[in-house]
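One letter stands for each residue in the lines below.
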Amino acid sequence: QVQLVESGGGLVQPGGSLRLSCAASGSIVRINGMGWYREAPGKKRELVARIRSGESTDYADSVKGRFTISLDKAKNTMYLQMNSRNSEDTAVYYCNADIRVHIADRGEFWGLGTRVTVSS
């Protein structure tokens, strides 16, 4: 009923910037919260940042001061602005969302991911 589609990944040089987008569509009553996770080669999936409807945010220590998460409620789209990127940021980034899909139900959804590569 709900689909998450990530976009904006690609190849960037060290120190460069990139903005990821995650568009949610389908039977959405309300988005309770959304977050970005990433999975680097040889590492487990980890939380990058998340945001809730009350504007509260959480960031991994490794990205604080460099990444900014935001949510456009009108468009049901979440963004991740990534600045000062380094090689450690190379990973597949996944969108996650906690969405109210019915008056009495909610669900957790995942996108298929978008690959980000930081290289010269």
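Along each chain, residues carry numbers from 1 onward, in the same order as the chain's sequence is written. Under the rules for a predicted model, residues below a pLDDT of 70 receive no local features and side-chain atom pairs below 80 are neither given nor counted, while totals for whole chains, interfaces and linings still include all residues. The basis for every side-chain value is the complete set of non-hydrogen atoms in the structure, without hydrogens or water.

1. Describing the nonpolar core
For the record, the criterion: In this text, buried Ala, Val, Leu, Ile, Met, Phe, Trp, Tyr and Cys residues form a nonpolar core when linked through side-chain atoms within 4.5 Å. Only protein chains enter the area calculation, which uses a 1.4 Å probe; residues under 20% of their type maximum are buried, those over 50% are exposed, and those in between are partly exposed. Secondary structure is summarised from DSSP: a helix means a run of H or I of at least four residues, a strand means a run of E of at least two, and numbering begins at the N terminus for each.
Grouped together as the largest cluster of nonpolar side chains are 31 residues, with contacts concentrated most on L4, M34, W36, M78, L80, Y93 and I99. At the level of secondary structure, the elements contributing two or more residues to this core comprise β1 (2-7), β3 (18-26), β4 (30-39), β5 (46-52), β7 (67-72), β8 (77-82), β9 (91-102) and β11 (114-118).

2. Remarks on the state of the cysteines
Selection rule: Cysteine sulfurs are considered disulfide-paired once they come within 2.5 Å of each other.
The full count for this structure, using the stated rule, is 1 disulfide. Covalent S-S linkage joins C22 and C95, the inter-sulfur distance amounting to 1.9 Å. Judged by the torsion about the S-S bond (-80 degrees), the C22/C95 disulfide is left-handed. On the criterion of sequence distance, the pair formed by C22 in strand β3 and C95 in strand β9 is long-range, its members being 73 residues apart. No difference in accessibility class separates C22 from C95, as the two residues are buried.

3. A look at the pairing of β9
Applicable threshold: A pair of strands is labelled paired if DSSP reports no fewer than 2 bridges between them.
Burial of β9 is extensive: 9 of the 12 residues sit out of reach of the surface. Sheet topology note: the β4/β9 ladder contains 9 bridges and is antiparallel. Note on β9: the bridge partner recorded for G33 is D98. Examined bridge by bridge, β9 and β11 share 3 bridges and lie antiparallel to one another. Bridge pairing in β11 links Y93 to T114.

4. Description of the side chain of S21
The line we're drawing: Any two residues whose heavy atoms approach within 4.5 Å are treated as being in contact.
By the element assignment, S21 lies in strand β3. The contact partners of S21, leaving out residues within four places of it in the chain, are V5, E6, S7, W36, T77, M78 and Y79.

5. Structural notes on the pattern of salt bridges
Worth spelling out the cut-off: What counts as a salt bridge is simple: a side-chain nitrogen of Lys or Arg found within 4 Å of a carboxyl oxygen of Asp or Glu.
Counted according to the given criterion, the structure contains 8 salt bridges. In this structure, K64 engages D61 in a salt bridge whose closest nitrogen and oxygen atoms are separated by 3.1 Å. Linking R66 and D89 is a salt bridge whose minimum nitrogen-to-oxygen distance equals 2.8 Å. With R66 in the loop between β6 (57-59) and β7 and D89 in the loop between β8 and β9, this residue pair connects regions lying 23 residues apart in the sequence. In this pair, the class of R66 matches that of D89, namely buried.

6. So, unusual backbone geometry
For E55, which is not glycine, the phi torsion reads 75 degrees and is therefore positive. Mapped onto the elements, E55 comes out in the loop between β5 and β6. Even without being glycine, N76 reaches a positive phi, approximately 50 degrees. Assignment of secondary structure puts N76 in the loop between β7 and β8. On the accessibility criterion, N76 (23% relative accessible area) is partly exposed.

7. Considerations on the environment of K73
Checked against the element boundaries, K73 lands in the loop between β7 and β8. For the pair formed by K73 and I31, sequence separation is 42 residues and the distance between their alpha carbons is 8.0 Å. Discounting chain neighbours no more than four positions away, the residues touching K73 are S53 and E55.

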